[in-house]
Amino acid sequence: MRYWLMKSEPGEFSIDDLERRPNRTEPWDGVRNYQARNMIRDEMQPGDGVLFYHSNCALPGVVGIAEVVRGAYPDPTAFDPGHRHYDPKSRPDRPTWFMVDVRLVRKLARTITLAELRGRPELDGFPLLRRANRLSVMPVTEAQWRFILSLE
DNA sequence: GCCAACGTTGGC
DNA sequence: GCCAACGTTGGC
């Protein structure tokens, strides 16, 4: 089992939105970055842990714990010409983009902010803290996972 | 294959 | 709203 961090803009889809979904579960569609796609398609497995992160907002940080409940399958929004994430190079017989389903485990008692994660030696090399990191999905080591959650 | 232009991300 | 960084696109 592995650990991941997944970003979402709370104005688009927040931890509270996830909590309100049936089964507190949501298909993680719309990823259109190859590096993130490869992790989703090739590495994410049901049971993997997910840190749910709010980005591009007033208080960026980790706000909840989720888990992967369904492994990679084609992202149907890529096939829909009317959809904002439509991509004509992805076709049902040869999909380019994939997604997993993610279920909320629990919200954190408070936001563990990006600001407080910065500068921690325990998180040296963590992709989130690298300059201008734009990956919306990234791996988290078990030690990083434990450390981040210990701050709660 | 190069690389400039452009669009997007995301912290601040 | 600003802007740095980065990925993608497309002309050549």
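Above this text is the structure in question.
Reading the values: rules and limits
Every chain begins its residue count from 1, and numbering advances along the sequence as written. Labels are handed out in written order, letters beginning with A for the chains and numbers beginning with 1 for the ligands. Only residues with pLDDT of at least 70 get local features here, since the model is predicted, and only at 80 or more are side-chain atom pairs given and counted; chain-wide, interface and lining totals rely on the full set of residues. The basis for every side-chain value is the complete set of heavy atoms in the structure, and neither hydrogens nor water enter the calculation. We call a residue near a given molecule or strand whenever any one of its heavy atoms falls within 4 Å of it. Distance and chemistry together define a polar contact, namely a pair of N or O atoms within 3.5 Å, with one atom able to donate a hydrogen and the other to accept it when in protein, and with adjacent residues in sequence counting only for side-chain atoms on both sides. All amino acids are sorted into three groups, where Ala, Val, Leu, Ile, Met, Phe, Trp, Tyr, Cys and Pro are nonpolar, Asp, Glu, Lys and Arg are charged, and the leftover types, Gly among them, are polar. A pair of strands is labelled paired if DSSP reports no fewer than 2 bridges between them. Counting from the N terminus, the helices are DSSP H or I runs at least four residues long and the strands are E runs at least two residues long. For every element, the axis is a line fit to its C-alpha atoms; helices are fit only across the contacting stretch, and the angle between N-to-C directions ranges from 0 to 180 degrees. Whether two residues are in contact is decided by their heavy atoms, any of which lying within 4.5 Å being enough. When a carboxyl oxygen of Asp or Glu is within 4 Å of a side-chain nitrogen of Lys or Arg, the pair counts as a salt bridge. Remark: exposure states derive from per-residue accessible area (1.4 Å probe, protein chains only) relative to the maximum for the residue type, with buried under 20%, exposed over 50%, and partly exposed in between. Only Phe, Tyr and Trp rings are paired, with Trp represented by its six-membered ring, and only when their centres lie within 6.5 Å; those with planes under 30 degrees apart are stacked, over 60 edge-to-face, the remainder tilted. Definition of nonpolar core: a set of buried residues of the types Ala, Val, Leu, Ile, Met, Phe, Trp, Tyr and Cys, connected through side-chain atoms within 4.5 Å.

Enquirer: Pulling in residues and values, what's your account of the protein's contact with DNA strand B?
Expert: Around DNA strand B, a shell composed of Lys7, Tyr53, Ser55, Asn56, Pro60, Leu114, Arg118, Asn133 and Arg134 is seen. Interatomic distance of 2.7 Å between a side-chain N/O atom of Lys7 and a phosphate oxygen of DNA strand B. Taken together, the residues that form the surface near DNA strand B break down as three nonpolar, three polar and three charged.

Enquirer: Quick one: what's the story with the sheet that holds strand 6 (residues 137-140), residue by residue and with numbers?
Expert: Taken together, six strands build an open sheet; the order of strands is 2-5-4-3-1-6 and the sheet is mixed. Unpaired on one side and paired on the other, strand 2 (25-27) and strand 6 mark the two borders of the sheet. Strand-to-strand twist in this sheet, taken as the mean axis angle between neighbours without regard to direction, amounts to 35 degrees. One ladder, built from six bridges, connects strand 3 (residues 49-54) with strand 4 (residues 61-74); its direction is antiparallel. Each bridged residue has a counterpart across the sheet, and for Gly49 the counterpart in strand 4 is Glu67. Of the strands in this sheet, strand 1 (3-8), strand 3, strand 4, strand 5 (98-113) and strand 6 are in contact with helix 4 (residues 142-150), which crosses strand 3 at around 50 degrees.

Enquirer: Break down the pattern of salt bridges for me, citing the residues and quoting the values.
Expert: For the structure shown, the criterion picks out 15 salt bridges. A salt bridge links Glu26 to Arg21; its shortest N-O distance comes to 2.7 Å. Residue Arg21 is classed as partly exposed on the basis of its relative accessible area, which comes to 33%. Taken together, the shared-partner salt bridges in this structure form one network comprising Asp16, Glu19, Arg24 and Lys107.

Enquirer: Go over the packing of aromatic side chains, please, and point to the residues and values.
Expert: Overall, the coordinates contain three aromatic pairs when judged by the stated rule. Pairing Tyr3 with Trp145 gives two aromatic rings, centres 4.4 Å apart and planes at 35 degrees, and the pair type is tilted. Separated by 142 residues along the polypeptide, Tyr3 in strand 1 and Trp145 in helix 4 bring together distant segments of the chain. Using a relative accessible area of 11% as the deciding quantity, one classes Trp145 as buried. Summarising the aromatic geometry, the rings of Trp28 and Phe52 are spaced 5.6 Å apart at their centres and angled 80 degrees between planes, so their arrangement reads as edge-to-face. Highlighted residues: Trp28 in the loop between strand 2 and helix 2 (34-42) and Phe52 in strand 3, separated in sequence by 24 residues. A single burial state applies to Trp28 and to Phe52, both of which are buried.

Enquirer: I'd like to hear about the protein's contact with DNA strand C, residue by residue, with values.
Expert: Around DNA strand C sit Tyr34, Arg131, Ala132 and Arg134, and that is every residue in its neighbourhood. The protein-proximal atoms of DNA strand C, defined as those within 4 Å of the protein, are 72% sugar or phosphate. In the surface near DNA strand C, the residues fall into two nonpolar, no polar and two charged.

Enquirer: Tell me about the nonpolar core, and name the residues and values.
Expert: Grouped together as the largest cluster of nonpolar side chains are 43 residues, with contacts concentrated most on Leu5, Phe126 and Leu128. Among the elements that take part in this core, strand 5 stands out by supplying six residues, more than any other. With residues up to four places along the chain from it excluded, the contact list for Leu5 reads Leu51, Tyr53, Val62, Phe126, Leu128, Ser136, Val137, Met138 and Val140.

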